[in-house]
Amino acid sequence: IVIGRFEGPDEKAAQAELKRVKAIDRNGRKPFAGALLLRTSVDDAAPVIKPHNLRNLRAKFPSVRPLFTLQVAAWSTFGDKDTKYGPMRDAAERYCAELRAKGFDAWFYHDEDSETSIVTVGYFDRRAYAARTTLLSPEVEDLMKKFPVHLTNGEPVSLPVDRANPRSRMKPQTPRLVEVPRF
């Protein structure tokens, strides 16, 4: 049984409703004492999935296993409670639209649990990556040349070349091949 609709678990109305439901008493018993708040994904609940949502790419190729795409950007709150996720989602969708306007086959995906939105380009089957050699296909490598830097919250991020030594020379974070999940 699901009841109510709230913006988040910390919302006063959500907490008040949870307390009310847990307190329901029937013949000396509390049948809903174990009630809890449940998040339903905005994307899952949406009557229409936006055209460039990564879910549509998976729907287009339901039997392709694995189905890869190149992640070129991510926006996230990184767990910062003072940062609002809505603008992050919007920024990812805008970037996806910019890439599409430039002729790239771009997609976005919103992960409500981690408050992270990604933007990807292209799609590839199992031939994109050779597990034995860890080599990428020429098509993936060509696309990576067009996107040499992975953006995080709209900015390039540099990582130390030697991760054991944070003071070592820095290099930009590169895009990465990711598998399109089965939703």
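The model shown is predicted, which means the values in this text are computed figures rather than measured ones.

Colleague: Explain the packing of aromatic side chains to me, and be specific about the residues and the numbers.
Modeller: With the rule as written, the count across this model stands at three aromatic pairs. Their ring planes at 65° and their centres at 4.8 Å tell us that Phe104 and Phe147 sit as a pair that is edge-to-face. In this pair, Phe104 sits in the loop between helix H4 (85-101) and strand S2 (106-111) while Phe147 sits in the loop between helix H5 (138-146) and strand S6 (151-152), placing the two residues 43 residues apart along the sequence. Given a relative accessible area of 7%, Phe147 falls into the buried group. Over the ring of Trp107 we find Arg100, and its NZ or CZ is 4.8 Å from the ring centre.

Colleague: Please provide a residue-by-residue account of helix H1 (residues 12-22), values included.
Modeller: Residue pairs three or four apart in sequence face the same way in an α-helix, which turns once every 3.6 residues. All of the buried residues along H1 are Ala14, Glu17, Leu18 and Val21. Buried residues of H1, seen end-on, are gathered within an arc of 100° and therefore sit on one face of the element. Set apart from the buried face of H1 by more than 90 degrees, the exposed residues are Lys12 and Lys19.

Colleague: An account of unusual backbone geometry is needed here, citing residue identities and associated values.
Modeller: A cis geometry characterises the amide bond from Arg65 onward to Pro66, with omega recorded as -10°. Its location among the elements puts Pro66 in the loop between helix H3 (54-60) and strand S1 (68-76). Even without glycine at this site, Thr134 takes up a positive phi of about 60°. Structurally, the position occupied by Thr134 is in the loop between strand S4 (129-130) and strand S5 (135-136). Located in the positive-phi region is Asn153, a residue other than glycine, with phi close to 55°. Looking at the element boundaries, Asn153 is found in the loop between S6 and strand S7 (155-156).

Colleague: Go over H4 with me, naming the residues and quoting the values.
Modeller: Under the 1.5 Å per step criterion, the end-to-end length of H4 is 25 Å for 17 residues, consistent within 8% with the ideal 24 Å. Turning to H4, its buried residues are Tyr85, Met88, Arg89, Ala91, Ala92, Glu93, Tyr95, Cys96 and Leu99. Immediately downstream of H4, the backbone of Gly103 shows phi near 95°, a positive value.

Colleague: Explain the nonpolar core residue by residue, including any values.
Modeller: Generally speaking, nonpolar side chains in soluble globular proteins are found buried as a group. If you look at the biggest cluster of nonpolar residues, it comprises 22 residues, and the most contacted ones within it are Val72, Trp75, Tyr95, Leu99, Val119 and Val121. Elements that contribute at least two residues to this core include exactly S1, H4, S2, strand S3 (116-124) and H5. Residue contributions to this core peak at seven residues, all from H4. Those residues in contact with Val72 that sit more than four places away from it in its chain are Tyr95, Leu99, Val119, Thr120, Val121, Phe147, Val149, His150, Leu151 and Pro175. Ranked by size, the runner-up nonpolar core spans eight residues in total, among them Leu67, Ala74, Trp107 and Val180.

Colleague: Help me get a handle on the pairing of S1, residues and values and all.
Modeller: Within S1, nine of the nine residues are buried, leaving the element largely enclosed by the surrounding structure. In this sheet, S3 lies alongside S1 in antiparallel orientation, the contact comprising seven bridges. By the bridge assignment, Trp75 is partnered in S3 with Ser117. Across four bridges, S1 lies against strand S10 (residues 176-179) in antiparallel orientation. Pairing of Thr69 across the sheet is with Val178, part of S10. Sheet topology places S1 next to S6; two bridges connect them, and they run parallel. Looking at the pairing, Ala73 lines up with Leu151 of S6.

Rules used throughout
Residues numbered from 1 in each chain as written. Predicted model: local features only at pLDDT ≥ 70, side-chain atom pairs only at ≥ 80, totals over all residues. Heavy atoms only, no water. Phe/Tyr/Trp six-rings, centres within 6.5 Å; stacked < 30°, edge-to-face > 60°. Helix = DSSP H or I, 4+ residues; strand = E, 2+ residues; numbered from the N terminus. Buried < 20%, exposed > 50% of the residue type's maximum accessible area, 1.4 Å probe, protein only. Lys NZ or Arg CZ within 6 Å of the ring centre and 35° of its normal. Arc of directions from axis to C-beta. Expected span 1.5 Å × (residues − 1). Core = buried A, V, L, I, M, F, W, Y, C linked by side-chain atoms within 4.5 Å. Contact = heavy atoms within 4.5 Å. Pairing = 2+ DSSP bridges.

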